[in-house]
Structure formats: structure tokens, C-alpha cells
Amino acid sequence: EPKSGGWKLDSGEVPLGENLFVDNGRQLLAYALGGRSPLSDFYISRFGIGTGTTAPASTDTSLENPIYFDAPTNSVSTKEVSAIDFPSPYVLRVEFTIASGDGNGYLITELGLFSGSDSLIARRTNVGINKTSDFAPQLLWRIRF
């Protein structure tokens, strides 16, 4: 039965490591908790993927080496998350899918969670998804408060 940080994972979940809220993400969360408008600019609603390998730091403002979702123009570096839920006390779970047409030919080594205004909230590295068009991984990112 998989465990991560002392709490039980759902069946099929693989622990990806510790969470790190970057400074900008902490500020956005403060705005969201304070009800600053427009609220959609401050809460998690998007994700990004990349090939960066530098360990996350609280001062990060973007992914180290993002993989763009629109390769011809390289202007879209994030996509909408699929769902957010609260599976247990103090835990927020973000679900997103890397589509079969996204990130192909890359070894995805970093993930990021972004606000509605595309500001980085949290980042992790050492993911290791060798992406091909043969699959569309559904990922669950748990944040424990």
C-alpha cells in the first residue's frame, strides 16, 4: 500500500515527492484567502510540464524549461486542470491529464501548478515521464496543509 509523507495514497497513485510553494504562489494564496478580486487570478486552475532538472526553489517564477502545448507557435505553456477535490482533511488534490498529443518525444522531468493568470504556484522536479503519443497520463498532485 503506497504511502507518501505518512499519509495513504489512493490505489494507482505514485508518490512524486514533496511539494514546494514558490514565493509568488504563497502570495497568490494569501490574496485568495483574503478574497481579492478577481479570485480566479489567484487559485490553482492550470498546469505546466517541462524538462527542467534544477531543484525547485521558493524564488522560482516559472518552469525551468517548459514544454509548449502548441509547438508551432510556442505561446501556450499551461493547460486547464481537470478537477480539484478535497479527499481528506487538510488535503487538496489537483487532477490533470497530459493528452496523447502533448509533450511527445520529451522526458518530462518537471511539473508546475499555475493560477488562472498563469502565475506559478508550486513546482516539482524529478518526475520522469518518457512521453509518447501511446498514452495520456492522468496525474494527481496532492497538497497537504
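Scroll up for the structure.
Here is a short report on the structure shown in this document. (Residues numbered from 1 in each chain as written. Predicted model: local features only at pLDDT ≥ 70, side-chain atom pairs only at ≥ 80, totals over all residues. Heavy atoms only, no water.)

A word on the overall build of the chain. In terms of helices and strands, the chain carries 1 helix and 9 strands. Buried residues in the chain amount to 38% of all 145 residues. Accessible surface for the chain amounts to roughly 7800 Å². Of this, 50% is attributable to carbon and sulfur atoms. (Helix = DSSP H or I, 4+ residues; strand = E, 2+ residues; numbered from the N terminus. Buried < 20%, exposed > 50% of the residue type's maximum accessible area, 1.4 Å probe, protein only. Areas by Shrake-Rupley, 256 points an atom, 1.4 Å probe, with all protein chains shown as cover.)

Moving on: the side chain of D102. Within the element layout of this structure, D102 appears in the loop between β6 (91-97) and β7 (107-115). Take D102: its relative accessible area is 8%, and that puts it in the buried class. Among all residues touching D102, those that are not within four sequence positions of it are F69, K79 and K131. (Contact = heavy atoms within 4.5 Å.)

A complete count under the given rule lists 8 salt bridges for this structure. Across the pair D23 and R26 runs a salt bridge, and its minimum N-O distance is 3.4 Å. In this pair, D23 and R26 are both assigned in helix α1 (residues 23-33), 3 residues apart and thus about one turn of the helix distant. Classification of D23 as partly exposed rests on a relative accessible area of 35%. R26 sits in the exposed class, given a relative accessible area of 53%. Between R93 and D85 there is a salt bridge whose closest N-O contact spans 2.7 Å. Owing to a relative accessible area of 12%, R93 belongs among the buried residues under this scheme. It is possible to trace a salt-bridge network through shared partners that takes in D60, E64, E110 and R123. (Salt bridge = Lys/Arg side-chain N within 4 Å of Asp/Glu carboxyl O.)

No statement about biological role is implied by the geometric values presented.
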